[in-house]
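The lines below spell out each chain.
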Amino acid sequence: MQSVQDEQREERERGGGRGDEEMLIKTRGDPKIKNGGAGAEEVEKESLMMELTRLVQKVVKESSWWERRGVDCSILAAAFLCLPPAFLLLGSSRLLGFSAGVLLMGVAHAVITVKGTHLASHGALSESQAWGRFWAVFFIEICGSFSARAGIQGHIKMHHAHTNVIGLGDSSVWKVPFLPRIIYLFVAPLAVPIITPLVALAQLKGQSLAHILRTILMVTLGLYSQYWLLINVSGFTSPHGALLCMLVCRAMFSVPYIHVNIFQHIGLPMFSPTRRPKRIHQMTHGVLNLPRNPLLDRIFGHSLINCHVEHHLFPFLSDNMCLKVKPVVSKYLTEKQLPYQEDTYLSRLHLFFHKYQELMVFAPPITELVGVQ
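Per an unreviewed UniProt entry, the recorded name for the chain is Fatty acid desaturase 6, and the organism is Neolamprologus brichardi.

Have a look at this one:
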């Protein structure tokens with residue numbers, strides 16, 4: 001169970017917590033700030049995030065449950081409903097039917113293990129903390145073959161709390177310097193389904209026995225369930241054939257998954273742990289949106305594709321709510337002359353292909369925002 005300190009820290013990381021607002025009000029009453037100087041500038045920077053937070057909270061409060069959570073829950077439900085016909089089609093003796101089963105299984109798996117695990121890690125699927133913990137274990141461990149605790153620690157408490165901060169949330173976890181660019185960008189991602197459970201096992205070192213047993217049990221349950229269904233429902237007679245089918249379906253969207261994770265942070269300003277800018281400047285300079293994509297928007301979710309800036313500013317929002325507040329956020333940042341970075345998928349791929357050594361091998365330069373830090 002989380003401690004009070006952990007909950008408070010996570011709320012501050014999310015931005016827009018009531019404690020931050022109360023702190024701001026008290027600070028405005030400080031006589032030192034009334035006299036101007038550096039303190040006044042500090043309050044102005046804090047108030048930018050507070051002002052944007054109030055605008056976004058207004059949109060959220062005016063939204064229905066369907067908009068806040070229902071849309072994304074229905075997409076996940078549709079993905080699960082696609083699984084029975086996918087297993088049946090995989091048993092087809094016709095090439096077209098079998099291919100349709102592979103495609104349907106691959107799409108459903110990507111929706112569940114990328115969009116589902118991401119929303120579950122942020123607690124965006126339910127307002128209940130108990131259900132939030134359940135969905136985190138279900139999506140991350142059973143469906144995603146990874147440790148829920150390690151996933152939340154790495155994604156929420158490191159990547160989001162320290163976005164683009166060197167040595168903390170600088171996305172270096174995605175770098176494999178010894179791999180050539182062609183292998184890294186187009187071949188190595190296909191091994192993600194194999195690497196993921198192995199990394200999960202490595203992350204269990206130092207954990208309690210109960211946590212280790214639960215994670216191993218849940219990951220094994222998820223993997224064996226798919227294997228059992230392929231043998232007993234789809235009619236696979238060869239264990240090797242079933243395992244190969246699992247790999248193909250699970251790796252179907254691994255290449256764009258790796259691309260998205262590196263395109264939206266690496267190559268943007270990186271900050272020193274001792275001289276990081278305020279949250280709103282950190283996120284607007286260190287995060288990039290990709291354009292709308294009918295396929296990836298639904299499979300990976302808006303918060304990972306075309307609303308990544310909004311997601312980093314307000315990580316507790318669902319994908320659909322990130323999309324709904326996008327006009328508010330982009331308009332506000334533009335009015336305040338803050339960056340709102342966008343680039344196309346192909347443009348980023350071209351950049352990473354031609355500057356692979358600089359971006360993915362060498363240490364990134366540290367950016368200092370003059371007048372902000």
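This is not the end of the story, as more comes after the structure.
Let's shift gears to the overall build of the chain. Each helix and strand counted, the chain has 20 helices and zero strands in total. Out of the 373 residues in the chain, the part that is buried amounts to 47%. Looking at the chain as shown, the accessible area adds up to about 18600 Å², and 64% of this sits on carbon and sulfur atoms.

With that settled, the discussion passes to the UniProt feature "transmembrane region" (unreviewed entry) in the chain. Summarizing the sequence annotation, UniProt attributes the feature "transmembrane region" (unreviewed entry) to residues 96-114, 134-152, 182-202, 209-229 and 241-260 in the numbering used throughout. Annotated as residues 209-229, this span is 100% helix and 0% strand, and its ends, taken at the C-alpha atoms, are 30 Å apart.

Another aspect to go through is the packing of aromatic side chains. Counted according to the given criterion, the structure contains 17 aromatic pairs. On the basis of an interplanar angle of 50° and a centroid distance of 6.4 Å, the ring pair of Phe98 and Phe236 is categorised as tilted. Pair noted here: Phe98 is in helix H7 (residues 95-121) and Phe236 is in the loop between helix H12 (209-232) and helix H13 (239-251), with a separation of 138 residues, a long-range link. In this structure Phe236 comes out as buried when scored by relative accessible area, which is 15%. Arranged with centres 6.3 Å apart and planes meeting at 10°, the rings of Phe134 and Phe138 form a pair that is stacked. In this pair, Phe134 and Phe138 both sit in helix H8 (residues 129-143), four residues apart, roughly one turn of the helix. Each member of the aromatic cluster is reached from another via a ring pair, and the members are Phe80, Trp131, Phe134, Trp135, Phe138 and Phe139. Seen from the ring of Phe353, Arg181 lies directly overhead, with NZ or CZ sitting 4.2 Å from the centre.

What follows covers the environment of Asn232. Mapped onto the secondary structure, Asn232 falls in helix H12. C-alpha of Asn232 to C-alpha of Phe87: the two residues are 145 residues apart in sequence and 9.7 Å apart in space.

The next thing to look at is the environment of Val255. Structurally, Val255 can be placed in helix H14 (residues 254-263). Sequence spacing of Val255 and Ala191 is 64 residues, and the spatial spacing of their C-alpha atoms is 9.7 Å. Contacts of Val255, omitting those with residues within four sequence positions, involve Leu185, Phe186, Pro189, Leu190 and Tyr345.

Given 3.6 residues to a turn, an α-helix orients residues that are three or four positions apart in the same direction. Of the residues making up helix H19 (residues 345-354), those classed as buried are Arg348, Leu349 and Phe352. For H19, the arc enclosing every buried residue in end-on projection is 100°, short of the 170-degree limit, so these residues lie on one face. Structural note: H19 exposes Leu346, His350 and His354 on the side pointing more than 90 degrees away from its buried face.

Attention shifts here to the packing of H7 against H13. Where H7 contacts H13, the two axes come as close as 7 Å, and the packing angle between them is 55°. Judged by the angle between their axes, H7 and H13 are oblique. Between H7 and H13 the crossing geometry is right-handed. Two secondary-structure elements touch here, H7 through Val102, Met105, Gly106 and His109 and H13 through Val248, Cys249 and Arg250. Split by residue class, the contact of H7 with H13 holds four nonpolar, two polar and one charged.

For the coordinates displayed, the defined rule picks out 10 salt bridges. When the shortest N-O distance is used, the salt bridge between Arg69 and Glu127 registers 3.9 Å. Placement of Arg69 in helix H5 (residues 65-81) and of Glu127 in the loop between H7 and H8 is noted, with a sequence separation of 58 residues between them. A salt bridge links Lys115 to Asp319; the shortest N-O distance between them is 2.7 Å. Here Asp319 lies in helix H18 (residues 319-335) and Lys115 lies in helix H7, a separation of 204 residues in the sequence. With a relative accessible area of 1%, Lys115 lands in the buried category. Accessibility expressed as a relative area gives 1% for Asp319, which makes it buried. Each of the salt bridges in this network shares a partner with another, and the network as a whole consists of Arg68, Arg69 and Glu127.

Thresholds applied
Residues numbered from 1 in each chain as written. Predicted model: local features only at pLDDT ≥ 70, side-chain atom pairs only at ≥ 80, totals over all residues. Heavy atoms only, no water. Helix = DSSP H or I, 4+ residues; strand = E, 2+ residues; numbered from the N terminus. Buried < 20%, exposed > 50% of the residue type's maximum accessible area, 1.4 Å probe, protein only. Areas by Shrake-Rupley, 256 points an atom, 1.4 Å probe, with all protein chains shown as cover. UniProt positions renumbered as here; feature names shortened; annotations may be inferred. Phe/Tyr/Trp six-rings, centres within 6.5 Å; stacked < 30°, edge-to-face > 60°. Lys NZ or Arg CZ within 6 Å of the ring centre and 35° of its normal. Contact = heavy atoms within 4.5 Å. Arc of directions from axis to C-beta. Axes fitted to C-alpha atoms, helices over the stretch in contact; angles between N-to-C directions. Parallel < 35°, antiparallel > 145°, perpendicular 65-115°, else oblique. Left-handed = near helix turned anticlockwise from the far one by under 90°. Nonpolar A, V, L, I, M, F, W, Y, C, P; charged D, E, K, R; others polar. Salt bridge = Lys/Arg side-chain N within 4 Å of Asp/Glu carboxyl O.

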